[in-house]
Amino acid sequence: MKRLKILLLFPPKTSQIPSMYKYLVGISDQPGIRTSCRWFSEMETNTWMKCIPSWLLLLRGFGSTELSLIRVQLIVIMLIVVFTCLASAETRSAKSSGVIYTGGFVQVPGQAKSKMIATLSTDTDPVDDDITPPVVTFDLPAVWETTCSGQPTIHISGTATDDTGVVSVVWENQEGDTGTCTGTDSWSSSQVILVEGENLVCVTAVDSAGNVGASSVLITYNPNGPTVTITVPTTGYTYTTPTPVSSLAVSGTASGDRSVTQVTWSTVKGASGTCTGTDTWSIASVPLEIGNNTLLVTATDSAGEFGSKTLNIIVPDQVAPSVTIVSPTLAKAPLRIGASVPVSGTASDNTSLKQITWATDKGYNGTCTGTSNWSISQLPLEIGDNHLTVTATDDWDNVNTAQLTITRQQTTVASAWLGLTIAALPMVPDIADAKEAVGFIANSWASYDTDLGIYHTYPDVACWLQPKENTPGRGFWGAFATGTPDPLGYATPLDSQVTIHLYPGWNIVGNPYNTNLNWEPDRIRVRVTGTSVWASMSSSSDSVRDYAIGWQQDASNPLTGAYYPIAADTSDGVLNYMAPWRAVWIKAFEECDLMFPPPGDPQF
Ligand SMILES: [Ca+2]
Ligand SMILES: [Ca+2]
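Residues numbered from 1 in each chain as written. Chains lettered and ligands numbered in written order. Predicted model: local features only at pLDDT ≥ 70, side-chain atom pairs only at ≥ 80, totals over all residues.

Caption draft 1: Region of the structure containing the overall build of the chain. Helix and strand counts for the chain stand at three helices and 48 strands. Here the chain holds 604 residues, and 38% of them are scored as buried. Long-range contacts, defined here as pairs at least 24 residues apart, represent 68% of the contacts in the chain between residues at least 6 apart. (Helix = DSSP H or I, 4+ residues; strand = E, 2+ residues; numbered from the N terminus. Buried ≥ 20, exposed ≤ 12 C-beta atoms within 10 Å, placed from the backbone. Contact = placed C-beta atoms within 7 Å.)

As structure tokens, this is what we get:
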């Protein structure tokens, strides 16, 4: 696996195109944030590049004849990428035919020191899909532009993160000095060499796929300035407070060839002030926030020369995040039908959330999509209780959890929905599109419109499961292959009342509940439209017949079958209950509402 990287840039500080120059090349996938940069020398200009504006210089040659053809091809693409980026002031990254394009503007803080822009790289290993470079950040120096004095070396440190893992981290300055940093995810080096004046120091991280990410800092080195040391709370580079305090006392010394006239301080959180004392100075109270409060102490001498020292003061976050499961609700969780359920919720933290993960006692687990608003697209469920634990983790690895028990109900769809069926869904389905929800053969799905006396056949939306809330109680003709799907949704609570509207004539009425429903005309209620009085079906013979007609598939040929009666009386061939997932014909003589006794409400 070999990667060939081509990098573009704006020349720093000059509009001239030199034949030899050192250039900072930067790459970004987010406007305003450098994710990569690198120094190059031996920049070449070629005659056919003259069409490019003089302020935009190009790429280094490969110096390898076998690559010349690739070079020409890529240069053409490169120009398109560059000008696209210039025109849109945005960045983008794409991969096509083994070529990775990344482009965009990067405004380096503190004027036009260097602005950088776009990169292409060839990916000779099409199997490798990692095109994400590591992201490098500095902890020290914590600000992009800083100063230092004393010894001509500086300590730098920071982090490098990557989706597949960082392999190595190196630093390099514009003089060509380079060194390997200690560590990868957390890296540091105490031996970065400085020259008097401005030093652009670049740290480059490489991931296992060869993607390069980098970041830089600009350090102004003044060898004549006073040397500042920090002695309290530590002489090291980093101090982590034992508890989340809001302020800290800091003190140290300053000395040089001339007398020190003033020592000032500032933090990256925006606090600043003048220290008490000079040769030995102190700050009574540096205000702190959770996170890194890098402190910069600067001493000025009688000649106006200055020197500085930084200390990372880290205040730990010890507050756990909060996490809540919003859907399913506690009321719906015991009612789930089907092999999975979408889950969603919220989380929050006093600093920031790293990730939300989930696991069930059935052995399933994963990472949620999102953090403050998180979701699990489909949580796998097994029949019975599924204990779900959702865990929120903040950037400091504090955790908190939320639990919910989701019960997947036993269903008998497979037997009820074999072959030709008068089907019912005792549930509010997740999906209104009947085909998507129940998966019948071809377009073999229809509802009967008693009022109009016609069938509505799929894809007519009149036979869809909408409004979804009105699905319990409806009935449909459907034809199913063996191995019918389990529709996803929430069952009707067994103690809830379902009102079913009937029109004069034969109506297809579904069992609204996921259980057998005894046919009890004394308890089944009827209310004539326009009135408010419910009467028993037994005493409503002018409104509705007190029996129903069901359909039973032929076991040997389920695409055929025969009608059978459902009534209170259990004489020959009569069934006295409605099975779940089935619907029946019921004849009304006038427009009325029907209500079955809820199986979970014996008082009904
Ligand atoms: Ca990567
Ligand atoms: Ca926290």
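There is more to say after this.
Caption draft 2: Representation of the sheet that holds strand β15 (residues 212–222). As summarised here, the arrangement of the five strands in space is β9-β15-β14-β11-β12, forming an open sheet in which the pairing is mixed. Each edge of the open sheet is held by one strand with a lone partner, namely β9 (145–149) and β12 (178–180). Here the strands of the sheet are splayed against their neighbours by 25° on average, with no regard to which way each runs. Sheet topology places β9 next to β15; five bridges connect them, and they run parallel. Bridge pairing in β15 places Ser149 opposite Asn222. (Pairing = 2+ DSSP bridges. Axes fitted to C-alpha atoms, helices over the stretch in contact; angles between N-to-C directions.)

Caption draft 3: Layout of the confidence of the model for the chain. Looking at the chain as a whole, the pLDDT averages 81, with 78% of positions reaching at least 70. Contacts from residues 1–127, a stretch scored under 50 in pLDDT, to residues over four places away or in other chains number 204 contacts. (pLDDT = per-residue confidence, 0-100.)

Caption draft 4: Seen up close, the environment of Gly345. Its location among the elements puts Gly345 in strand β27 (residues 340–348). Judged by the 22 C-beta atoms lying within 10 Å of it, Gly345 is buried. The spatial distance from the C-alpha of Gly345 to the C-alpha of Pro328 is 9.0 Å, given a sequence separation of 17 residues.

Caption draft 5: Fine view of the pairing of strand β35 (residues 445–449). Most of β35 is tucked away, with four of its five residues classed as buried. Pairing of β35 with strand β37 (residues 476–480), which is carried by two bridges, proceeds in the antiparallel orientation. Bridge pairing links Ala446 to Trp477 in β37. In this structure, β35 lies alongside strand β36 (residues 454–457), joined through four bridges in antiparallel fashion. Among the inter-strand pairings, Ala446 is bridged to a residue of β36, identified as Thr457. Once β35 ends, the chain turns through four residues before running back antiparallel as β36, passing Gly453 with a positive phi of about 70°.

Caption draft 6: Just the sheet that holds strand β25 (residues 322–327), in detail. Spatially, β25-β27-β30 is the arrangement adopted by the three strands of the open sheet, whose pairing is antiparallel. Each having just a single partner strand, β25 and β30 (373–380) make up the two edges of the open sheet. In this sheet, neighbouring strand axes are inclined to one another by 30° on average, regardless of whether the strands run parallel or antiparallel. Across six bridges, β27 lies against β30 in antiparallel orientation. Paired with Gly345 across the two strands is Trp374, which belongs to β30.

Caption draft 7: Up close: the nonpolar core. One finds Ala434, Phe476, Val544, Ala583, Val584 and Ile586 to be the most contacted residues of the largest nonpolar core, which totals 49 residues. Top element by residues in this core is strand β47 (residues 583–588). It accounts for five residues. If sequence neighbours within four positions are ignored, Val584 has contacts with Ile422, Val509, Ala548, Ile549, Gly550, Ile566 and Met578. Residues Val136, Ala205, Val217 and Ile219 belong to the second largest nonpolar core, which totals 27 residues. (Core = buried A, V, L, I, M, F, W, Y, C linked by C-beta atoms within 7 Å.)

Caption draft 8: Main features of unusual backbone geometry. In this model, Val232 is joined to Pro233 through a cis peptide bond whose omega is 15°. Note on placement: Pro233 falls in the loop between β16 (227–232) and β17 (238–240). The omega angle of the peptide bond from Tyr458 to Pro459 is 15°, so this bond is cis rather than trans. Along the polypeptide, Pro459 turns up in the loop between β36 and β37. Of note, the phi angle at Ala442 is positive, near 45°, even though the residue is not glycine. Locating Ala442 in the fold gives a position in the loop between α3 (434–438) and β35. Residues other than glycine seldom take positive phi values, yet Trp581 does so here, at roughly 70°. Its location among the elements puts Trp581 in the loop between β46 (577–578) and β47.

Caption draft 9: Seen up close, the environment of Leu418. Of note, Leu418 is situated in the loop between α2 (413–416) and β33 (419–423). Measuring from C-alpha to C-alpha, the distance between Leu418 and Ala481 comes to 6.6 Å, with 63 residues separating the pair along the chain. In this view, Leu418 contacts Phe480, Thr482, Gln553 and Pro558; residues no more than four positions away in its chain are not counted.

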